[in-house]
Amino acid sequence: MIKKIFFAALCSLLVVSAWAQAPSIVGTDYVRPAIHYVEEGTNYVNSDVFFKLRSQDKETGLDFVEFALNGADFMRYKNPFQLLEEGKYDISYRGFDNSGNLELPKTLSVIVDNTAPDTMIKTTAPLYNDGVVVYCSADTKWYVSAADIVGGSGVAAGYMGTDLNSLKMSGNGKESEQTYVSLDGEGPVNLYYTAIDNVGNLSPIKVVSVTIDKTAPVVSLANSNRLINKDEEYMIFPSENVVDEEGRVIVSTSETVSFTAKDELSGVDAIYVKVNDGDYTKYVEPIKFTQNAVYKIEVKAIDNVGNVSDPVMYTFYVDQITPNSEVDIIDRSGNLIPATTPANAQ
């Protein structure tokens with residue numbers, strides 16, 4: 001006969017019933033706690049959890065408690081025990097009193113998960129790699145992508161930051177507006193990231209080294225190889241130094257105008273030009289002027305992480321006016337000799 005008041009129970013020692021909230025910050029000093037996590041009736045634990053059996057009998061008293069793992073033979077319970085290997089376990093347990101009454105076995109099913117999630121760092125836009133350095137813009141959005149093992153407890157949180165000892169929670173390992181992080185400043189930085197699952201397994205902290213480029217390229221006229229002498233001063237032609245009275249850059253139909261751009265970090269990706277009221281087109285070769293007119297050309301450049309310069313406006317005047325030459329009659333000293341006519345010679 002089994003007494004109704006005979007009671008045996010299993011509880012986990014030094015754990016909480018569920019991990020209500022992952023830590024907001026983790027670092028190199030993280031220590032995994034003992035955690036019991038429950039989701040949709042499934043129990044998940046890590047191997048830091050202990051299982052403690054307790055039983056009571058109000059009549060003749062308890063003789064012993066025994067337990068079995070995954071259908072194996074029952075064994076006497078003495079002290080709280082751990083499950084060190086991963087996998088699913090059925091823990092059966094029962095009590096035996098001093099009157100010889102044996103309790104019907106009860107079973108607790110648990111999944112032991114000691115494996116941390118796999119992690120990757122991702123961005124919403126491609127990064128630029130020049131073969132040595134990886135670049136991003138200040139607008140680049142970063143997030144941690146994490147996946148737990150099949151049958152595991154699931155990803156609880158992703159973490160990232162530039163301080164190795166203080167990585168802040170950033171979502172749950174899936175892309176969303178709430179998980180995005182942007183980097184401040186300009187120049188090289190180390191971005192650290194990791195993730196944690198619902199039983200406290202922390203992935204190894206990884207790092208990506210990136211250089212933030214938030215400065216757009218600087219556009220200018222490219223230097224020509226031609227040197228001219230204008231008013232006793234040598235100048236590159238055409239250039240921004242050779243202008244007419246209205247400040248327009250003087251060019252000729254026999255010359256071409258080239259544009260260039262400079263970017264100190266990720267480098268220039270492309271230059272775009274707009275002639276007069278036309279559309280922007282990619283600049284691929286020097287511009288040649290074919291008629292006597294005034295040209296207004298807007299030039300802008302984009303670097304390899306998407307920073308776009310403000311358009312620079314150039315006004316060009318095509319010089320097709322011929323020189324106006326005259327002859328002066330002078331003496332040996334360079335003095336102008338007045339002309340003498342028969343009328344004024346008398």
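Our structure's up above, just so we're on the same page.
Residues numbered from 1 in each chain as written. Predicted model: local features only at pLDDT ≥ 70, side-chain atom pairs only at ≥ 80, totals over all residues. Heavy atoms only, no water.

(A) Quick look at the sheet that holds strand E15 (residues 167-169). Spatially, E2-E15-E14-E16-E17-E12-E11 is the arrangement adopted by the seven strands of the open sheet, whose pairing is mixed. What marks the edges here is a single partner per strand, and that holds for strand E2 (25-26) and strand E11 (128-129). By the bridge criterion, two bridges tie strand E12 (residues 134-136) to strand E17 (residues 206-212) in an arrangement that is parallel. Bridged to Tyr-135 within E17 is Thr-211. (Pairing = 2+ DSSP bridges. Helix = DSSP H or I, 4+ residues; strand = E, 2+ residues; numbered from the N terminus.)

(B) Spotlight on the environment of Leu-69. In this fold, Leu-69 is placed in strand E6 (residues 62-69). For Leu-69 and Leu-108, which are 39 residues apart along the polypeptide, the C-alpha to C-alpha distance reads 9.9 Å. With residues up to four places along the chain from it excluded, the contact list for Leu-69 reads Leu-83, Asp-90 and Ile-91. (Contact = heavy atoms within 4.5 Å.)

(C) Structural view of the pairing of strand E4 (residues 42-45). In the sheet, strand E3 (residues 36-39) pairs with E4 via four bridges, with the strands oriented antiparallel. Across the sheet, residue Glu-39 finds its bridge partner in E4, namely Thr-42. Counted along the chain from E3 to the antiparallel partner E4, the turn is two residues long, and its residue Glu-40 has a positive phi close to 50°. In terms of strand pairing, E4 meets strand E9 (residues 106-112) through three bridges, oriented parallel. When the sheet's bridge partners are listed, Asn-43 is paired in E9 with Val-110.

(D) Main features of the sheet that holds strand E21 (residues 249-251). With mixed pairing, the five strands of this open sheet are ordered in space as E21-E28-E27-E24-E25. Pairing within the sheet leaves two strands with one partner each, and these edge strands are E21 and strand E25 (281-282). Strand direction decides the pairing type here: E21 and strand E28 (residues 312-318), joined by three bridges, are parallel. Counterpart to Val-251 in the pairing with E28 is Val-318.

(E) Representation of the packing of aromatic side chains within the structure. Counted according to the given criterion, the structure contains 14 aromatic pairs. Just above the ring of Tyr-280 sits the side chain of Lys-300; from NZ or CZ to the centre is 4.1 Å. (Phe/Tyr/Trp six-rings, centres within 6.5 Å; stacked < 30°, edge-to-face > 60°. Lys NZ or Arg CZ within 6 Å of the ring centre and 35° of its normal.)

(F) Seen up close, unusual backbone geometry. Phi is positive for Asn-70, close to 50°, though the residue is something other than glycine. As for its placement among the helices and strands, Asn-70 is situated in the loop between E6 and strand E7 (75-76). Judged by relative accessible area, which is 45%, Asn-70 ranks as partly exposed. One non-glycine residue, Asn-276, adopts positive backbone phi at about 55°. Its location among the elements puts Asn-276 in the loop between strand E24 (268-275) and E25. Here Asn-276 falls in the partly exposed class, since its relative accessible area comes to 37%. (Buried < 20%, exposed > 50% of the residue type's maximum accessible area, 1.4 Å probe, protein only.)

(G) Quick look at a nonpolar patch on the surface. Residues Val-327, Ile-329 and Ile-337 make up a contiguous nonpolar surface patch of roughly 330 Å² in combined accessible area. On the secondary structure map, Ile-337 appears in the loop between E28 and helix H1 (342-345). (Patch = residues over 30% accessible without salt bridge, like charges linked within 9 Å, V, L, I, M, F, W, Y side chains within 5 Å. Areas by Shrake-Rupley, 256 points an atom, 1.4 Å probe, with all protein chains shown as cover. Salt bridge = Lys/Arg side-chain N within 4 Å of Asp/Glu carboxyl O.)

(H) Representation of the nonpolar core within the structure. Ranked by size, the top nonpolar core spans 19 residues in total, and within it Phe-259, Phe-289, Ile-297, Val-299 and Phe-316 carry the most contacts. Of all the elements in the fold, those that place two or more residues in this core are strand E18 (218-221), E21, strand E23 (259-262), E24, strand E27 (294-303) and E28. The element that contributes the greatest number of residues to this core is E27, accounting for four residues. Other than its neighbours up to four places away in sequence, Ile-297 contacts Phe-259, Val-273, Lys-274, Val-275, Ile-287, Phe-289, Val-312, Met-313, Tyr-314 and Phe-316. Core analysis: the next-biggest nonpolar cluster, separate from the first, contains 15 residues, Val-45, Phe-51, Tyr-89 and Ile-91 among them. (Core = buried A, V, L, I, M, F, W, Y, C linked by side-chain atoms within 4.5 Å.)

(I) Fine view of the side chain of Arg-94. Counting through the fold element by element, Arg-94 comes out in strand E8 (residues 87-97). Look at Arg-94 and you get buried, because its relative accessible area is 17%. A distance of 2.4 Å separates polar atoms of two side chains, one belonging to Arg-94 and the other to Glu-66. (Polar contact = N/O pair within 3.5 Å; in protein donor to acceptor, adjacent residues only side chain to side chain.)

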